[in-house]
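Breakdown of the fold
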Amino acid sequence: MNNTINWNFDNSYSRLSNVFKEHIEPTAVKNPELVLMNEDLAEELNLDFSKIDKSELAALFTGNILPEGSNTIAQAYAGHQFGHFTMLGDGRAVLIGEHLNKNNKRYDVQFKGSGKTAFSRNGDGRAALGPMLREYIISEAMYKLNIPSTRGLAVAKTGEEIMRETQLQGAILTRVASSHIRVGTFQYVAARNKKNDLEILLNYVIKRHYLDLINSKNKALDLLNLLIDRQIDLVVNWMRVGFIHGVMNTDNMTISGETIDYGPCAFMDTYDPKTVFSSIDAMGRYAYCNQPAITKWNLSRFAECLIPLIDKNENKAVESATELIDTFGEKYEKKWLNMMRKKLGLKGEDKKDKFLIVDLLTWMHQKKVDYTNTFCHLMNLKDYDDDLYNDNDFQNWKKNWQERVKSNNNSPENYIKLMRSFNPLVIPRNHKIEKSLEAANKNNLEPFNKLLEILKKPYVQQENILDYLKMDRSSKEYKTFCGT
Ligand code: AMP
Ligand code: MG
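Quick notes on the packing of aromatic side chains
Within this structure, the stated rule accounts for 22 aromatic pairs. Plain terms: the ring middles of Tyr13 and Tyr204 are 5.4 Å apart, the flat faces sit at 80° to each other, and that makes the pair edge-to-face. You can see Tyr13 sitting in the segment before strand 1 (21-23) and its partner Tyr204 sitting in helix 5 (residues 195-209), a full 191 residues away along the chain. Side by side, Tyr13 and Tyr204 carry an identical accessibility label, which is buried. Between Tyr288 and Tyr371 the ring centres are 6.4 Å apart and the planes differ by 65°, which places this aromatic pair in the edge-to-face class. Highlighted residues: Tyr288 in the loop between strand 12 (266-267) and helix 7 (291-310) and Tyr371 in helix 11 (residues 371-378), separated in sequence by 83 residues. Residue class for Tyr371 comes out buried when judged on its relative accessible area of 1%. Taken together, the ring pairs connect Trp363, Tyr389, Phe394, Trp397, Trp401 and Tyr415 into an aromatic cluster.

Right, dumping it as structure tokens:
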């Protein structure tokens, strides 16, 4: 293998005992073909693919050849899926290793769609081109929205057909994450009732992600506390941009605080707190407005795993963990309120802010107004006009807002600047995503690449993109699928 790429692997997770993983190689594919590569991310990783020819790149990003220093494993984990506990694990993914960049920052590099593992159950271990491109583009959009996320380094076709409802082109996504350790990883180890293994995982996580806790007197409790904050920050960010994850099972919640597993996710257009896109979420468990409550529920499952490590006395441990979990509501409310204040450019705090915010959301809900574009309209940007904003109720609300936004010596220059850094001007619109994937499935990547370029600059005004700013009111109710 050409060593000009600068791979620099140090595979700490694969050095853990076999409780945590299975050693397995990706299954070779028939006819690899590179679809796209993330140059920005390659640069961040200090990887140089410029001297590698196309066919070798395709072989590399499908696992037909493995980079020197890799050590391929499938990770074990469990998870609550829609509330039900299941043993899972990487059923169609292989971690090829942990790469260190020049600054010694550590990145998991994983193939998704790379063939069967011990955890595949009835699955074929494969993935289709559409869902892998979808994960690539939405995770990139999230990253550029300044929201912690895993990212895609490449998508390559396998040259094999896979059977779903119809025959689809097989593909592999190379996913990069600060790690793939999940709440479900802790659940897997905790379910085996071996305190020693749980301790190993806890120490591993602290060493890898939360070094500040290395000398803590109660690492488990402090980790729980920290993760509560991280996950609140994450879900507040999702609420900020109208992102609906769609399948917030505990196996899809990372310990690093990054968004992971872009299956049936989508962005809300008209404001409706009950919005659900996922075809399998009939009860709306993972609806937009339920995301904070589910985050807390998932964190409670995490806390349960840690009980044996919090205190020898189980009652005492439960009490301490519960006390922390109970802080969730107040912490979330505070962070959400502050985020919404920034979306509206408000300086300082006023007791009436919450009413001002809720009044706006209620109006948007009643009149079925676009969430993203309403904030753009308030920032006086062109291209976001809509007759709906002539509505009397909105005009009255706006007067109140204009009065409040000027308080505390806030200048228009200041508040617009604040708003501009919290409100995206463009989000991945459902109809644009679908059309770009439709074309990509017919081997035309032009619409996909154009959309990707636009989504890379969500806070910048871009010319001639009107079509990308509007929802498609004519399309029937949008439905997403789990991407398997
Ligand atoms: P996900 O919905 O992607 O979070 O996956 C949930 C679980 O199902 C994980 O354990 C996956 O590895 C597994 N899985 C999903 N798709 C497949 C597939 N095609 N073959 C084998 N396992 C799969
Ligand atoms: Mg998953």
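Once you've had a look at it, read on.
Considering the nonpolar core
Soluble globular proteins tend to pack their nonpolar side chains together in the buried interior. Residues Phe49, Phe61, Val155, Phe186 and Trp336 are the most contacted members of the largest nonpolar core, which totals 151 residues. Of all the elements, helix 6 (residues 219-241) adds the most residues to this core, at 13 residues. Contacts of Phe49, omitting those with residues within four sequence positions, involve Ile5, Trp7, Met37, Ala42, Leu57, Leu60, Phe61 and Leu153.

Details of the coordination of the magnesium ion (ligand 2)
On the protein side, the magnesium ion (ligand 2) has Asn252 (OD1) and Asp261 (OD) as donor atoms, found 1.8 to 2.1 Å from it. For the pair formed by Asn252 and Asp261, the shared burial category is buried.

Notes on the pairing of strand 4 (residues 78-81)
Across 4 bridges, the pairing between strand 4 and strand 5 (residues 84-87) is antiparallel. Residue pairing across strands places Gly79 opposite Thr86, the latter belonging to strand 5.

Notes on the site of ligand 1
Looking at ligand 1, there are 18 residues lining it, with Gly89, Gly91, Asp124, Gly125 and Asp261 nearest. In this structure, an oxygen atom belonging to ligand 1 sits 2.6 Å away from a main-chain N or O atom of Gly89. The contact in question runs from an oxygen atom of ligand 1 to an N or O atom on the side chain of Asp261, over 2.9 Å. Calculation on ligand 1 without its partners gives an accessible area of 480 Å², and the protein chains cover 88% of this total. The class makeup of the residues in the shell around ligand 1 is 2 nonpolar, 8 polar and 8 charged.

What counts, and where the lines are drawn
- Residues numbered from 1 in each chain as written.
- Chains lettered and ligands numbered in written order.
- Predicted model: local features only at pLDDT ≥ 70, side-chain atom pairs only at ≥ 80, totals over all residues.
- Heavy atoms only, no water.
- Phe/Tyr/Trp six-rings, centres within 6.5 Å; stacked < 30°, edge-to-face > 60°.
- Helix = DSSP H or I, 4+ residues; strand = E, 2+ residues; numbered from the N terminus.
- Buried < 20%, exposed > 50% of the residue type's maximum accessible area, 1.4 Å probe, protein only.
- Core = buried A, V, L, I, M, F, W, Y, C linked by side-chain atoms within 4.5 Å.
- Contact = heavy atoms within 4.5 Å.
- Donors = N, O, S within 2.8 Å, 3.2 Å for Na, K, Ca; no water.
- Pairing = 2+ DSSP bridges.
- Near = heavy atom within 4 Å.
- Polar contact = N/O pair within 3.5 Å; in protein donor to acceptor, adjacent residues only side chain to side chain.
- Areas by Shrake-Rupley, 256 points an atom, 1.4 Å probe, with all protein chains shown as cover.
- Nonpolar A, V, L, I, M, F, W, Y, C, P; charged D, E, K, R; others polar.

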